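Chain residues, written in single-letter form:
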Amino acid sequence: MSTALARFLVLFIGMCCVNPLVAQQARTAARWATEPAYAGYRHQLQLIDSLRQFCTDELQLNVGDNFYNTWKEGNDSMFIYLYVSQPDTIALPPFVTSLVWSFEKEDPAIAKSNELKQQGYHTLVYKTAGTSGAFLNSKLLSYPDEAIAFIVFHEAVHRHVGQMVDYNYVEALCDAVANRAAIKFAANTGMLAMPAVMQQKEVIENAYRFLNTKRVELDRLRGRRPRNIFKISSRKMTGLLLHANQFLCDRMRYPVNNAYFIRVQPYAIHYFEMYEGLGDAIDISKATTGLPGTEPAKGEKEP
């Protein structure tokens, strides 16, 4: 047997006989804490591993192998999106075929936003640390534990349902599961502070009640916009977020306009019916029975 062939066989056999425990450890978030650059995130990374285990064991969610165990930094550890709306109603302009555009850098998103605003459209440049790509990043890990839990549970539902639930419902479903699951995780494990979990839930729900009411009011006006209605709404949202954690501020604290509603209405409109439909058992199949099942294109790259 040649030396080259012998080496190949040794390598091949070694690959086939990988210790399952070693393979499992390679898929954890906590393994990053062994590197000096990430050692300060040990607590958060261990929490994420516990949350992922809860998703699969307790919630029976299929999240796949690459779920919050890979590191990826966006712009300032944030992922950039641009929303645009008609100026006189909450609706996409005729030239827009996607609910949202994604950008690699913030400057091009701002430039495109300014271009569209000059044409009279409403825009929102939105930044987030959490996407269904489920990447670890320093911004995500800077949030308090209850926020990390909310994000992980939210994205886990995206992974689980895929395109089985229409986008007009799936974001509300993800938020509803995230709030219920965070409460259950806190109660079962003691790894989250229940008062912080409940305060986060209260802020989200108060914001959604207000935004749902305001959206109905705007729809009833049929294109007419009373003076300062958006400024008043922005001030109201600022007040609702006064005691919110940084995650909720990053998620919701933007100037309110029609594009803001384009972004938030998939989360808010059906949130309360999804929350009630899940029940204490957090039964996703029960909550989604009879819902539309085609998700429209979203997240297209920058135009």
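Bear in mind the structure is a predicted one, so any value in this text is a computation, not a measurement.

Further remarks concern the packing of aromatic side chains. The full count for this structure, using the stated rule, is 17 aromatic pairs. Where Trp32 meets Trp71, the ring centres are 6.0 Å apart and the plane angle is 55°; that geometry is what we call tilted. Highlighted residues: Trp32 in the loop between α2 (20–25) and α3 (42–57) and Trp71 in the loop between α3 and β1 (79–85), separated in sequence by 39 residues. Residue classification places Trp71 among the buried positions, given a relative accessible area of 14%. With a centroid separation of 5.6 Å and an interplanar angle of 70°, the aromatic rings of Tyr208 and Tyr271 are classed as edge-to-face. Within this pair, whereas Tyr208 is found in helix α8 (residues 194–221), its partner Tyr271 is found in helix α12 (residues 271–278), the two being separated by 63 residues in sequence. Judged by its relative accessible area of 1%, Tyr208 is buried. Of the residues examined, Tyr271 reaches a relative accessible area of 0% and is grouped as buried. In this structure, Arg263 packs its charged tip against the face of Tyr126, placed 3.7 Å from the ring centre.

On to the packing of α8 against α12. Packing of α8 against α12 brings their axes to within 10 Å, and their N-to-C directions diverge by 135°. Judged by the inter-axis angle, α8 sits oblique to α12. Contacts between α8 and α12 involve Lys201, Glu205, Tyr208, Arg209 and Asn212 from the first element and Tyr271, Phe272 and Tyr275 from the second.

This paragraph deals with the pattern of salt bridges. For the structure on display, the rule yields 11 salt bridges. Between Glu58 and Lys184 there is a salt bridge, and its shortest N-O distance comes to 3.3 Å. Of this pair, Glu58 sits in the loop between α3 and β1 while Lys184 sits in helix α7 (residues 167–189), and the two are 126 residues apart along the sequence. Overall, Glu58 belongs to the partly exposed group, its relative accessible area being 37%. Using a relative accessible area of 21% as the deciding quantity, one classes Lys184 as partly exposed. Of the charged contacts, one joins Lys214 and Glu217 as a salt bridge, the two residues approaching to 3.1 Å between their closest N and O atoms. Residue Lys214 and its partner Glu217 are located together in helix α8, separated by 3 residues, close to a single helical turn.

Now for the nonpolar core. Counting 90 residues, the largest nonpolar core has Ile48, Tyr68, Tyr83, Phe153, Leu173, Met237 and Tyr260 as its most contacted members. Tallying contributions element by element places α7 first for this core, with 13 residues. Here Met237 is in contact with Ala207, Phe210, Leu211, Met252, Val256 and Tyr260, once residues within four sequence places are set aside. Within the second largest apolar cluster, 10 residues are counted, among which are Leu82, Val96, Ala109 and Val125.

Here we come to the packing of α8 against helix α9 (residues 229–240). For the pair α8 and α9, the least separation of the axes is 10 Å and the interaxial angle reads 170°. Compared by their axis directions, α8 and α9 come out roughly antiparallel. Side by side, α8 and α9 meet where Val203, Asn206, Ala207, Phe210, Leu211, Lys214, Glu217, Leu218 and Leu221 of the first sit next to Ile229, Phe230, Ser233, Lys236, Met237 and Leu240 of the second. By residue class, the composition of the contact of α8 with α9 is 10 nonpolar, 2 polar and 3 charged.

Burial analysis of helix α11 (residues 258–268) places 10 of its 11 residues in the buried class, the great majority of the element. Residues of α11 that are buried: Asn258, Ala259, Tyr260, Phe261, Ile262, Arg263, Val264, Pro266, Tyr267 and Ala268. Looking at where α11 begins, the residue whose side-chain oxygen comes 3.0 Å from the main-chain nitrogen of Ala259 is Asn257.

Time to look at the pairing of β1. The element β1 is extensively covered by neighbouring structure, given that 7 of its 7 residues are classed as buried. Judged by which residues are buried, β1 turns out to be covered on both faces: Phe79, Tyr81, Tyr83 and Ser85 on one side and Ile80, Leu82 and Val84 on the other are all buried. Relative to strand β3 (residues 122–128), β1 is paired through 7 bridges, and the arrangement is antiparallel. Residue pairing across strands places Ile80 opposite Lys127, the latter belonging to β3. As judged from the 3 bridges shared by β1 and strand β2 (residues 101–103), these two strands associate in the antiparallel manner. Residue pairing in the sheet places Ile80 in a bridge with Phe103 of β2.

What counts, and where the lines are drawn
- Residues numbered from 1 in each chain as written.
- Predicted model: local features only at pLDDT ≥ 70, side-chain atom pairs only at ≥ 80, totals over all residues.
- Heavy atoms only, no water.
- Phe/Tyr/Trp six-rings, centres within 6.5 Å; stacked < 30°, edge-to-face > 60°.
- Helix = DSSP H or I, 4+ residues; strand = E, 2+ residues; numbered from the N terminus.
- Buried < 20%, exposed > 50% of the residue type's maximum accessible area, 1.4 Å probe, protein only.
- Lys NZ or Arg CZ within 6 Å of the ring centre and 35° of its normal.
- Axes fitted to C-alpha atoms, helices over the stretch in contact; angles between N-to-C directions.
- Parallel < 35°, antiparallel > 145°, perpendicular 65-115°, else oblique.
- Contact = heavy atoms within 4.5 Å.
- Salt bridge = Lys/Arg side-chain N within 4 Å of Asp/Glu carboxyl O.
- Core = buried A, V, L, I, M, F, W, Y, C linked by side-chain atoms within 4.5 Å.
- Nonpolar A, V, L, I, M, F, W, Y, C, P; charged D, E, K, R; others polar.
- Polar contact = N/O pair within 3.5 Å; in protein donor to acceptor, adjacent residues only side chain to side chain.
- Pairing = 2+ DSSP bridges.

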